[in-house]
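What follows is the residue order along each chain.
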Amino acid sequence: MFLYPLLISLSLPFLIYLLLRATSTRRRRLPPGNPGLPFIGETLQLISAYKTENPEPFIDDRVSKYGAVFTTHVFGEPTVFSADPETNRFILQNEGRLFESSYPGSISNLLGRHSLLLMRGNLHKRMHSLTMSFANSAIIRDHLLLDIDRLVRLNMDSWTGRVLLMDEAKKITFQLTVKQLMSLDPCEWTENLMKEYMLVIEGFFSIPFPFFSTTYRRAIQARSKVAEALSLVVGERRRESERGERKKDMLAALLDEEGGGGRFSDEEIVDFMLALLVAGYDTTSTIMTLAVKYLTETPLALSQLKEEHDEISARNCEKEPLQWEDYKSMPFTQCVVNETLRVANIISGVFRRAMTDVNIKGYTIPKGWKVFASLRAVHMDHHHFKDARTFNPWRWQNNSGSSVNVFTPFGGGPRRCPGAELARVELSVFLHRLVTEFSWEAAEQDKVIFFPTTRMQKRYPVNVHRLKRLVKM
């Protein structure tokens, strides 16, 4: 008997959607589309497409049939998809006025209600500003760059023979994020924490009912372990703060009484840090891996990148850390970074919910409906980028890649990724150390898949060979 309430709760959004669609056409024009099957809509088609190396047909087919703004039904709710850059910009810029952040229940439950992703209003504005203050150019230049270079080299020192590049990149970015947030260096504690985090992330797009989803149940259990581990750190640091001891990291700012951070409870701080760890390590490590994949498949780009970094190495001693001036002298590297961000689309789009009836492009998005601004659809559109599905870093030379409204790998508006510049620096340092200290080749065929998150199916195994560095006379 317990299944009946569950079936009713799952079918209610779909029934409401059909009712709204049937009764509203006389007074407002909804975006065209197809609600799909009862209860599940087109969720299975979406998941099936994004589990392949080429998810584009899911959106391409509907854009061809209905236009760049269309209606579908995914993850239990009617959803308006936008593959139009102007509509996407409108959605992102009107955060807090016409739209509010809204994600599937599985993500919301796993990140916690106090995560930056789910915060709204003045609290979000304040915490977004705080996060940006720990990832701006001045902080990276004066404090973080040395740690980035040190931790990249520390991990690469152990590389030999066959390595799983995605796993190695995850270790690097997780250690960097932990260092930035809590001033902790790599140790057994951080290794165990990362293992639990990987289970949390696997549950992001699962069915948010532990009884029906083993993946979600494991993710919830892992989330509890992560929260417990972070709570111990927060408690210890709070006691240190009361004794007048203070570090220069994100956790210190959250605990700072004078700066207003001291008003946060331990639970709020744990949720906030848990989400930042996810954002800081998973996306950047995937970008690192895919940059290497695309460069391996584009030898001319790899050769030009290596030439740029060999020139930097020639100016420095072997053990000398990278300086800010070195980072600023990597113009072709930034072309590679931009093109990797465009083609990889680690964040394929953003979910929002309409706070009121919204009129756009001649259509009405009803209050309460989900919208999905597809960043990937714009980045892979031949109308905006010539040969859009080809990796071509030279398109970014002389700032000729695209307009700011079309290229939005870090989102936009009030919720633009606060760690955008930090991600660029981490990728640039990683590429510098990789191309100046190693040669490599893919160990076996691998492919990119995009569900539940963007990743290499086999974690991108490569055979690495350490280069002999010429000693300067």
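The preceding data block contains the structure.
On a predicted model such as this, the values are computed, not experimentally measured, just so you know. (Residues numbered from 1 in each chain as written. Predicted model: local features only at pLDDT ≥ 70, side-chain atom pairs only at ≥ 80, totals over all residues. Heavy atoms only, no water.)

(A) Seen up close, the overall build of the chain. The number of helices and strands found in the chain is 17 helices and twelve strands. Here the C-alpha atoms of the chain give a radius of gyration of 23 Å, agreeing with the 23 Å that 2.2 N^0.38 yields for 473 residues. Seen through its C-alpha atoms, the chain measures out along the principal axes to roughly 80 × 60 × 40 Å. Counting across all 473 residues of the chain, residues that qualify as buried make up 54%. Accessible surface, the chain as shown: approximately 22,100 Å² in total, 55% of it carbon and sulfur. Each charge class in the chain was averaged separately, 61 positive and 54 negative side chains, and the resulting centres sit 6 Å apart. (Helix = DSSP H or I, 4+ residues; strand = E, 2+ residues; numbered from the N terminus. Rg over C-alpha atoms; globule rule 2.2 N^0.38 Å. Buried < 20%, exposed > 50% of the residue type's maximum accessible area, 1.4 Å probe, protein only. Areas by Shrake-Rupley, 256 points an atom, 1.4 Å probe, with all protein chains shown as cover. Lys, Arg positive; Asp, Glu negative; His and termini not counted. Charge placed at Lys NZ, Arg CZ, Asp CG, Glu CD.)

(B) Seen up close, the pattern of salt bridges. Considering all chains together, one arrives at 35 salt bridges under this definition. In this structure, Glu77 engages Lys370 in a salt bridge whose closest nitrogen and oxygen atoms are separated by 3.0 Å. Taken together, the residues Glu77 in strand S2 (residues 77-82) and Lys370 in strand S8 (residues 370-374) connect sequence positions 293 residues apart. Looking at Glu77, the relative accessible area reads 19%, which means it is buried. Classification of Lys370 by relative accessible area gives buried; the value is 5%. With its nearest N and O atoms 3.1 Å apart, the salt bridge here joins Arg150 to Asp147. Linking Arg150 with Asp147, this pair stays in helix H7 (residues 137-156), spanning three residues, or about one helical turn. Residue Arg150 is classed as partly exposed on the basis of its relative accessible area, which comes to 36%. (Salt bridge = Lys/Arg side-chain N within 4 Å of Asp/Glu carboxyl O.)

(C) Highlighting the packing of aromatic side chains. Inspection of every chain in the model, using the stated rule, returns 14 aromatic pairs. An angle of 45 degrees between the planes, with centres 6.2 Å apart, marks the rings of Phe385 and Trp396 as tilted. Of this pair, Phe385 sits in the loop between helix H16 (375-379) and helix H17 (420-437) while Trp396 sits in the loop between H16 and H17, placing them eleven residues apart in sequence. Under the relative-accessibility criterion, Trp396 is labelled buried at 9%. (Phe/Tyr/Trp six-rings, centres within 6.5 Å; stacked < 30°, edge-to-face > 60°.)

(D) The arrangement of unusual backbone geometry in detail. One non-glycine residue with positive phi stands out, namely Phe75, at about 50 degrees. By the element assignment, Phe75 lies in the loop between strand S1 (69-74) and S2. Even without glycine at this site, Asp387 takes up a positive phi of about 45 degrees. Summarising the element assignment, Asp387 is placed in the loop between H16 and H17. A residue is classified by how much of its surface remains accessible, and Asp387, at 48% relative accessible area, is partly exposed.

(E) Broad picture of the sheet that holds strand S12 (residues 461-466). With antiparallel pairing, three strands are arranged side by side in an open sheet as S4-S12-S9. Each edge of the open sheet carries a strand with a single partner, namely strand S4 (161-164) and strand S9 (438-442). Taken over all neighbouring pairs, the strand axes of this sheet differ in orientation by 35 degrees on average, direction set aside. With five bridges joining them, S9 and S12 adopt antiparallel strand pairing. Of the residues in S12, the one forming a bridge with Ala442 is Val462. With respect to the sheet, helix H8 (residues 165-182) is in contact with S4 and S12, its orientation differing from that of S4 by roughly 65 degrees. (Pairing = 2+ DSSP bridges. Axes fitted to C-alpha atoms, helices over the stretch in contact; angles between N-to-C directions. Contact = heavy atoms within 4.5 Å.)

(F) Spatial organisation of the sheet that holds S2. Ordered in space as S1-S2-S8-S5-S3, the five strands form an open sheet in which the pairing is mixed. Looking at strand neighbours, the two that pair on one side only are S1 and strand S3 (99-101), the edges of this open sheet. On average, adjacent strands in this sheet sit at an angle of 35 degrees to one another, irrespective of strand direction. For S2 and S8, the ladder comprises four bridges, and the chain directions are parallel. For Thr79, the partnering residue across the bridge sits in S8 and is Lys370. Here helix H4 (residues 85-93) sits on the sheet and contacts S1, S2, S3, strand S5 (349-354) and S8; the angle it forms with S8, its principal contact strand, is near 125 degrees.

(G) View of helix H9 (residues 188-202). Helix length check: H9, at 15 residues, gives a terminal C-alpha distance of 22 Å against a target of 21 Å (1.5 Å per residue), a fit within 8%. Of all the residues in H9, the buried ones are Thr190, Leu193, Met194, Glu196, Tyr197, Val200 and Ile201. Residues of H9 that are buried in the fold lie against helix H5 (105-111), H8, helix H10 (214-242) and helix H12 (266-296). (Expected span 1.5 Å × (residues − 1).)

(H) Spatial organisation of the environment of Ser241. Of note, Ser241 is situated in helix H10. Judged by its relative accessible area of 35%, Ser241 is partly exposed.

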